[in-house]
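Per-entry structural report
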Amino acid sequence: MPVMRNRRPTTVVLGVVAAFSLSSHQAFAGYGHNDSTNGAEADTSASAGVHDDKVSAGVSSVIVFDRSKNGTGKSAGTVTSRTSWTPPACYYAPKYTPEEIEAQMRQVWESSAPSHEWALKTQNYYVNGKPYEDFNKDKAGDGYWWDSYVTEGREGDPASQECDEMSFWVDKGDAPPPDRPQAITAETLAQLAYAEIRVPSTEVDLAPEGTTKVNLPTWAWLDTAEFKPVSVTASVPLLGLSATTTAEPVSLKITPGTEDAVTYPASGQCEIVDGRIGAPYAKGKADETPPCGVKYLRSSGDGSYQLQATVTWKISWTSTTGAGGDLPDGEFGAGQDVVVQEIQAVNR
């Protein structure tokens, strides 16, 4: 029968995880401590129990995220894939030593929760040689029991239930069984790091600022001093495995907020040129066409138009295995109010 999990609120543990080891007391009660190193974070929490004849136990994650090169600031946000792709909702990774899983299972067997059939099946599985004997305690130190994890924030996603196999043993240095496609890999880490990417605000500078005139080209640009590539590294120190996912801005899409407008360029897609998006307005450019901007053809009346600025980010990854590649482009946008007034003419 599949192994399922009940979860308690996550305790954040700062610092690089040096070793994977929980005492049985920690695994049952929920345990954590705080430390900090290089902006890295590992999420760990634990609980144990039975729900619908299924075991729930173990720490919430063995993955360490280094977000020290991520985007910062109160307006920073998460990129959204331009396709329907999402990072994995669940995965398999090391979770228990033989002693830890034995403590978990014996606690459950001694309770009144599991059915007799389920208890017999799991005892055969872990103890009686079908296929494991005595929790593989003779291999203590030579490997780990792998189990499933649910990606933070995806607990309600039906896809999180796809990792429903019972715990399985993997020797150190060996690949997990091929019939566990969700087993953690460098690419999985890169995909999970994708979800941790935070990019700067996309509020653009405008000239004229805040209020513009009908038929007057409005220049738009982004402050490239803060608009740089960002990255997150995800690691499983236990496996000596890590992957870095990098997001690099490639273009800015201007959506005026009304059909009564034209954009510069006509597509509204402002490409990065010489490391910058758009160009600041300066005196003497009044008769020039902005490389990135908008011209409104109708007044916003007593209100304003909601100009939307959306940046496309190219996402790529590298890893300690030498593998790497591209992930789906991401987007992050923000809206800002633009008041458009009629040009007042004076008749003499």
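The coordinates are above.
Residues numbered from 1 in each chain as written. Predicted model: local features only at pLDDT ≥ 70, side-chain atom pairs only at ≥ 80, totals over all residues. Heavy atoms only, no water.

1. Quick word on the overall build of the protein
For the protein, the helix and strand inventory stands at four helices and 22 strands. When the 348 residues of the protein are sorted by exposure, 44% land in the buried category. Roughly 17400 Å² of accessible area belongs to the protein as shown, and the carbon and sulfur atoms make up 47% of that amount. (Helix = DSSP H or I, 4+ residues; strand = E, 2+ residues; numbered from the N terminus. Buried < 20%, exposed > 50% of the residue type's maximum accessible area, 1.4 Å probe, protein only. Areas by Shrake-Rupley, 256 points an atom, 1.4 Å probe, with all protein chains shown as cover.)

2. A closer look at the side chain of S251
Here S251 lies in strand β16 (residues 241-255). A polar contact is formed between the side chain of S251 and the side chain of Q269, at a distance of 2.7 Å. Excluding residues within four positions of it along the chain, S251 makes contact with Q269, C270, E271, I272, I277, T310, V311 and T312. (Polar contact = N/O pair within 3.5 Å; in protein donor to acceptor, adjacent residues only side chain to side chain. Contact = heavy atoms within 4.5 Å.)

3. Concerning the state of the cysteines
Applying the stated criterion across every chain yields a total of two disulfides. Residue C90 pairs covalently with C163 via a disulfide, S to S 2.1 Å. Negative torsions about the S-S bond denote left-handed disulfides, and the value of about 85° found for C90 with C163 makes this one right-handed. Taken as a pair, C90 in strand β8 (residues 90-96) and C163 in the loop between β9 (143-150) and β10 (168-171) lie far apart in primary sequence, 73 residues in all. (Disulfide = S-S within 2.5 Å.)

4. What about unusual backbone geometry?
Backbone geometry follows two general trends: most residues other than glycine have a negative phi, and most peptide bonds adopt the trans configuration. In this structure, P131 follows K130 across a cis peptide bond, with omega equal to 10°. With respect to the element layout, P131 can be found in the loop between α3 (116-126) and β9. Omega for the peptide link from Y264 to P265 comes to -10°, which places this bond in the cis form. Checked against the element boundaries, P265 lands in the loop between β17 (261-264) and β18 (269-273). Of note in the backbone geometry, D134 takes a positive phi value of approximately 50° without being a glycine. For D134, the location among the structural elements is in the loop between α3 and β9. The backbone of F135 sits at a positive phi, close to 60°, despite the residue not being glycine. Topologically, F135 is positioned in the loop between α3 and β9. You can call F135 buried: its relative accessible area is 0%.

5. As for the pattern of salt bridges
A side chain with one charge may pair with a side chain of the opposite charge, provided their charged atoms come close. Applying the stated criterion across every chain, the model contains ten salt bridges. Salt-bridge contacts for K137 lead to E102; the nearest nitrogen and oxygen are separated by 3.3 Å. Residue K137 is located in the loop between α3 and β9, and its partner E102 is located in helix α2 (residues 98-109); the two are separated by 35 residues in the primary sequence. In this structure E102 comes out as buried when scored by relative accessible area, which is 15%. One salt bridge connects D171 with K139, and the closest N-O pair in it is separated by 3.5 Å. Placement of D171 in strand β10 and of K139 in the loop between α3 and β9 is noted, with a sequence separation of 32 residues between them. Note on K139: relative accessible area 30%, which makes it partly exposed. One connected set of salt bridges, linked through shared partners, spans E102, R106, D134 and K137. (Salt bridge = Lys/Arg side-chain N within 4 Å of Asp/Glu carboxyl O.)

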